[in-house]
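Breakdown of the fold
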Amino acid sequence: MTRQHKILVVFGTRPEAIKLFPVIAALRADPRFHPVVCVSAQHRGMLDQVLEIAGIVPDYDLDLMKPDQTLDGLTSALLNEVGRVMDTEHPDRVMVQGDTATAMVGALAAYYRKIPVDHVEAGLRSGDIYQPWPEEVNRKIIGAMASLHFAPTQTAAEALMRENVDPGRVHVTGNTVIDALHWVTARIAENPALVSGLADLEARFANKRIIGVTSHRRENFGDGLEHIAEAVRQIAAREDVAVIFPVHPNPNVRKVMNKALAGLDNVALIEPLDYPHFSRLLAICDIMLTDSGGVQEEAPALGKPVLVMRETTERPEGVEAGTAKLVGTETARIVTEIFTLLDDKAAYEAMAQAHNPFGDGHSARRIVELLAHEIGSEA
Ligand code: UD1
Ligand code: UDP
């Protein structure tokens, strides 16, 4: 038997954990690989929710999260700590996902050691370095160093090639978030108790149209979040509407949302939901209103219209298909767009088309086969 290749998988936040657990499972199931998991814990509670559901016990947990952490504080702490793990483990390859500080620094530390970097969810570009901020540039930095680029869509692959990445190193794999969504849907079908935590809210809002809301983007801190909060307040003033809003624990988000929305009858401000419960929210809502990246991929897959509180997106596929719409962060625009979807059946139906340009649920398997091909050609 050929030797096992050690893949150090480095991640730190909720979305990375959701999008990497299917890949870690596929690596574990393949005797050609020995995955070693290092979490920075850039997120703590939200990361742990995913690790628990997915049954992942990290080999290294750097426990780096600080309350209201700054980008420079986080980035500098990450570089030393992640580098130390690489010097202990001497992996054959390092895998990172997406665009977070952990992913960018994980790739950089690997590059400093000339360890090949594999980038899952490569090539997303908005074309604006401040939106999403700092993720657009994090992704470009990783792209400059990566060995294999696993692009979720053809659009993402083309963006990489426009940046002169060798087309032979770019592979369209689909997005592993769809693997994760399929997996969690199957777990819930086996064990409906996994989503029983929403039963009380479902009963309380049984006769209402449900709007699911999430918001956390750094570029929206300040005025943007204030405008979003005011929009939610105006939307929830309607008798026929209820808002379920799992609030990101970032203090910049919490203080604004609590001040504007706590105590309103038709608004449930709740703690972040674990992945099964969030997928249940996606299933029971009529509309998602969000500035999240991942939710832009999941909601179209489930046929839920998604209004995106951003000026631009690095995930244009949903917008092009008509299942997602960019609505910015101005209060009046958000309220008008939500009311149009609530009141105009044709407008709603036009957006509520199940559409899934982001993957077929087999992306993790594809990624592992491409890696196997790569190590085979190295041998
Ligand atoms: C980070 C990612 C962003 C991703 C987002 C997902 C970067 C640069 N950005 O955002 O791409 O969309 O995570 O949520 O890496 N906190 C907790 N508990 C948690 C998680 C966060 O209390 O489990 C609080 C802490 O006070 C923490 C703050 O939230 O300091 C911000 O966390 P951070 O990872 O820095 O968030 P972002 O950079 O905004
Ligand atoms: N999510 C979750 N619980 C929540 C909110 C979101 O499990 O309360 C999931 C969601 O399904 C998606 C991911 O978290 O897969 C998105 O994470 P987030 O919005 O924090 O980051 P982004 O995708 O914007 O980077």
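Reading guide: rules and limits
- Residues numbered from 1 in each chain as written.
- Chains lettered and ligands numbered in written order.
- Predicted model: local features only at pLDDT ≥ 70, side-chain atom pairs only at ≥ 80, totals over all residues.
- Heavy atoms only, no water.
- Buried < 20%, exposed > 50% of the residue type's maximum accessible area, 1.4 Å probe, protein only.
- Helix = DSSP H or I, 4+ residues; strand = E, 2+ residues; numbered from the N terminus.
- Pairing = 2+ DSSP bridges.
- UniProt positions renumbered as here; feature names shortened; annotations may be inferred.
- Salt bridge = Lys/Arg side-chain N within 4 Å of Asp/Glu carboxyl O.
- Expected span 1.5 Å × (residues − 1).
- Contact = heavy atoms within 4.5 Å.
- Polar contact = N/O pair within 3.5 Å; in protein donor to acceptor, adjacent residues only side chain to side chain.
- Near = heavy atom within 4 Å.
- Areas by Shrake-Rupley, 256 points an atom, 1.4 Å probe, with all protein chains shown as cover.
- Axes fitted to C-alpha atoms, helices over the stretch in contact; angles between N-to-C directions.
- Left-handed = near helix turned anticlockwise from the far one by under 90°.
- Phe/Tyr/Trp six-rings, centres within 6.5 Å; stacked < 30°, edge-to-face > 60°.

**Digging into the pairing of strand S8 (residues 209-214)**
Every other side chain in a regular strand lies on the same face of the sheet, so the side chains alternate between the two faces. For S8, the tally of buried residues reaches 5 of 6 residues, placing the bulk of the element in the interior. Inspection of the sheet shows S8 paired to strand S9 (residues 241-246) by 4 bridges, in the parallel sense. Each bridged residue has a counterpart across the sheet, and for Arg-209 the counterpart in S9 is Val-241.

**Concerning the UniProt feature "domain: UDP-N-acetylglucosamine 2-epimerase" (unreviewed entry) in the chain**
The sites that carry the UniProt feature "domain: UDP-N-acetylglucosamine 2-epimerase" (unreviewed entry) are, in the present numbering, residues 26-371. Taken end to end, residues 26-371 has its terminal C-alpha atoms 11 Å apart, with 47% of it in helix and 15% in strand.

**Considerations on the pattern of salt bridges**
One pass over the full model with this rule turns up 32 salt bridges. Close ionic contact of Arg-44 with Asp-63 constitutes a salt bridge, the shortest N to O distance being 2.9 Å. With Arg-44 in the loop between strand S2 (33-39) and helix H2 (45-54) and Asp-63 in the loop between strand S3 (60-61) and helix H3 (71-89), the pair connects residues that are 19 residues apart, well separated along the chain.

**Looking at helix H4 (residues 101-112)**
Side chains three or four residues apart in an α-helix point the same way, a direct result of the helix having 3.6 residues per turn. With 12 residues, H4 extends 16 Å from end C-alpha to end C-alpha; this agrees with the ideal 16 Å at 1.5 Å per step. Among the 12 residues in H4, 10 count as buried, and that is most of the element. Burial in H4 covers these residues: Ala-101, Thr-102, Ala-103, Met-104, Val-105, Gly-106, Ala-107, Leu-108, Ala-109 and Ala-110. On its buried side, H4 packs onto strand S1 (5-11), helix H1 (14-28), H3, strand S4 (93-97), strand S5 (117-120) and helix H5 (135-145). A side-chain oxygen of the first residue of H4 lies 3.3 Å from the backbone nitrogen of Thr-102; this N-cap is Thr-100. The first or second residue beyond H4 is Lys-114, which carries a positive phi of 55°.

**Let's talk about unusual backbone geometry**
Glycine aside, residues mostly have negative phi, and peptide bonds are mostly found in the trans state. Residue Gln-131 is joined to Pro-132 through a cis peptide bond whose omega torsion reads -5°. With respect to the helices, strands and loops of the structure, Pro-132 is situated in the loop between S5 and H5. Trp-133 connects to Pro-134 through a cis peptide bond whose omega is 5°. Take Pro-134: it is sitting in the loop between S5 and H5. In this model, Ala-41 sits at a positive phi of 55°, which is unusual for a non-glycine residue.

**Details of the site of ligand 1**
Taken together, the neighbourhood of ligand 1 is formed by 24 residues, with Gln-42, Lys-66, Asp-68, Glu-135 and Arg-218 sitting nearest. With respect to ligand 1, the side chain of Gln-42 contributes an N or O atom lying 2.7 Å from an oxygen atom. Within the backbone of Arg-44, a nitrogen or oxygen atom sits 3.1 Å from an oxygen atom of ligand 1. Against a free-state accessible area of 760 Å², the protein chains account for coverage of 93% of ligand 1.

**Examining the packing of helix H9 (residues 223-236) against helix H10 (residues 251-261)**
The packing of two helices is summarised by the inter-axis angle and the distance between the axes. At a minimum axis distance of 9 Å, the contact between H9 and H10 shows a crossing angle of 35°. Read as a crossing pair, H9 and H10 show a hand that is right-handed. From H9, Leu-225, Glu-226, Ile-228, Ala-229, Val-232 and Arg-233 reach across to H10, where they touch Asn-252, Val-253, Val-256, Met-257, Ala-260 and Leu-261.

**Topic: the packing of aromatic side chains**
Within the structure shown, the criterion is met by 2 aromatic pairs. Taking the centre distance of 5.0 Å and the plane angle of 65° together, the rings of Phe-21 and Trp-183 count as edge-to-face. Note that Phe-21 is positioned in helix H1 and Trp-183 in helix H7 (residues 176-190), a separation of 162 residues in sequence. A ring pair is formed by Tyr-111 and Tyr-112, whose centres lie 6.2 Å apart and whose planes are at 45°; its orientation type is tilted. Residue classification places Tyr-111 among the partly exposed residues on the basis of a relative accessible area of 49%. Residue classification places Tyr-112 among the exposed residues on the basis of a relative accessible area of 53%.

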